[in-house]
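Architecture at a glance
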Amino acid sequence: MKPPILAIIMSTVISGTIMVLISSHWLTIWIGFEMNMLAIIPILMKKFNPRAMEASTKYFLTQATASMLLMLGIIINLLLTGQWTVLNMPNPIASNMMTVALAMKLGLSPFHFWVPEVTQGVPMSSGMILLTWQKIAPLSILYQIAPSMNPNLLTTMAIMSVLVGGWGGLNQTQLRKILAYSSIAHMGWMIAVTTYNLTLMLLNLTIYIAMTLGTFMLFMLNSSTTTLSLSHTWNKLPLIASLILMIMLSLGGLPPLSGFVPKWMIIHELTKNDMTIVATFMAMTALLNLYFYMRLTYATALTMFPSTNTMKMKWQFGSTKNTTLLPPLIVISTMLLPLTPMMLTLF
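Residues numbered from 1 in each chain as written. Predicted model: local features only at pLDDT ≥ 70, side-chain atom pairs only at ≥ 80, totals over all residues. Heavy atoms only, no water.

The protein is annotated in an unreviewed UniProt entry as NADH-ubiquinone oxidoreductase chain 2 from Martes melampus melampus. Word for word, the UniProt comment on the protein under Sequence similarities (unreviewed entry) is "Belongs to the complex I subunit 2 family." (UniProt positions renumbered as here; feature names shortened; annotations may be inferred.)

Printed below as a string of structure tokens:
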């Protein structure tokens, strides 16, 4: 894709999301979602092949259905209240319908089936946008309508998402599918705490986006798409291999790393609100996620070649990819735990 065209399309995607973020009128929010959806499809089909075409079609059909349900919820709310403002949602039917529509947009279980398929079918850079930027707009609407949503529905979807995100990734060898299931699980954690503490949802989203961007950038730098190609990193780029190890463990939520902060806070918040069983169940299913991240770290950093690479001339070309954002993302993804009190004050 030519740079000017890519710039125009990307600016449409960004302006669609910003329109959703700043609007307090349902119609402009819906228009923002539509702009964003229609502009992201050429980005998903950047490398044109049948697989990308199929993935883009699946994405379009799912998002169009979600938009239709969202508009139906908006119209029901309009007929009952006579106004378009976001914060006035007295009717449970309208609020449930909007919750389902936003769950489809986010890829929460049981509407998660498109996420792994679409992420696997598109290029790495498009998958990165899909699993990070595309989550911001629906979560901002959930943030605004949270008081009028059904907490039982949210908790059920959260538990299912964490479970699906854990079980689904266990048998995968494709990195994009693993990150897609990881995304489903992280969305489950965010939705679980939405009813009780919205600022924790924002904190979780921020750290999740930093970790996912860092992971995708490391995989893109290394041109890895499968566990097998990832296992060749140690011989070629030892530093990158150790960074992948750290970010993977952070995604799994191990204590000295940043990924532990949101999980710790969410479990604390849930137990404070007498949701001990849900918190325990979610902590246990997080172990499934940790297992497949550990598998990746084992493949990356702990499998050594039988003979060391003693050739003076490397046969691989050095990477020419731009890595400006990588160092700050890696720092954010791994070293935020000591700053937890400050983050809680800020959020």
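1. A few points about the pattern of salt bridges
Opposite charge on two side chains allows them to pair when their charged atoms are near. In this structure the tally under the stated criterion is 4 salt bridges. Note that Glu117 is salt-bridged to Lys177, the shortest N-O span being 3.7 Å. You can see Glu117 sitting in helix α5 (residues 114–121) and its partner Lys177 sitting in helix α9 (residues 175–194), a full 60 residues away along the chain. Under the relative-accessibility criterion, Lys177 is labelled buried at 17%. Residues Lys272 and Glu269 are paired through a salt bridge, measuring 3.4 Å at the closest nitrogen-oxygen approach. Here the residue Lys272 and the residue Glu269 both occupy positions in helix α14 (residues 260–272), the gap between them amounting to 3 residues, near one helical turn. In this structure Lys272 comes out as exposed when scored by relative accessible area, which is 54%. When salt bridges that share partners are traced, they join Glu54, Lys58, Glu117 and Lys177 into one network. (Salt bridge = Lys/Arg side-chain N within 4 Å of Asp/Glu carboxyl O. Helix = DSSP H or I, 4+ residues; strand = E, 2+ residues; numbered from the N terminus. Buried < 20%, exposed > 50% of the residue type's maximum accessible area, 1.4 Å probe, protein only.)

2. Re the UniProt feature "domain: NADH:quinone oxidoreductase/Mrp antiporter transmembrane" (unreviewed entry) in the protein
According to UniProt, the positions carrying the feature "domain: NADH:quinone oxidoreductase/Mrp antiporter transmembrane" (unreviewed entry) are residues 23–287. Each end of residues 23–287 is marked by a C-alpha atom, and these two atoms are 39 Å apart; helix forms 78% of the span and strand 0%.

3. Let's talk about the domain arrangement of the protein
When the domains of the protein are assigned, the result is domain 1 (1–110) and domain 2 (150–346). In this structure, domain 1 and domain 2 have C-alpha centres spaced 26 Å apart. Here domain 1 and domain 2 share an interface that buries about 850 Å² over both sides, 72% of which is from carbon and sulfur atoms. Connecting domain 1 to domain 2 are 0 salt bridges. (Domains from an automatic or database assignment. Buried area = accessible area lost by both parts, 1.4 Å probe.)

4. As for the nonpolar core
Ranked by size, the top nonpolar core spans 95 residues in total, and within it Trp26, Tyr59 and Leu139 carry the most contacts. Residues contacting Trp26, with those up to four places away along its chain left out, are Leu70, Ile74, Asn77, Trp84, Thr85, Val86, Met89, Met98, Ile141 and Ile145. (Core = buried A, V, L, I, M, F, W, Y, C linked by side-chain atoms within 4.5 Å. Contact = heavy atoms within 4.5 Å.)

5. Focus: a nonpolar patch on the surface
Together, Ile14, Ile18, Leu21 and Ile22 make up an exposed nonpolar region whose accessible area comes to about 360 Å². Mapping Ile18 onto the fold places it in helix α1 (residues 3–22). According to the relative accessible area criterion, Ile18 is partly exposed, its value standing at 39%. (Patch = residues over 30% accessible without salt bridge, like charges linked within 9 Å, V, L, I, M, F, W, Y side chains within 5 Å. Areas by Shrake-Rupley, 256 points an atom, 1.4 Å probe, with all protein chains shown as cover.)

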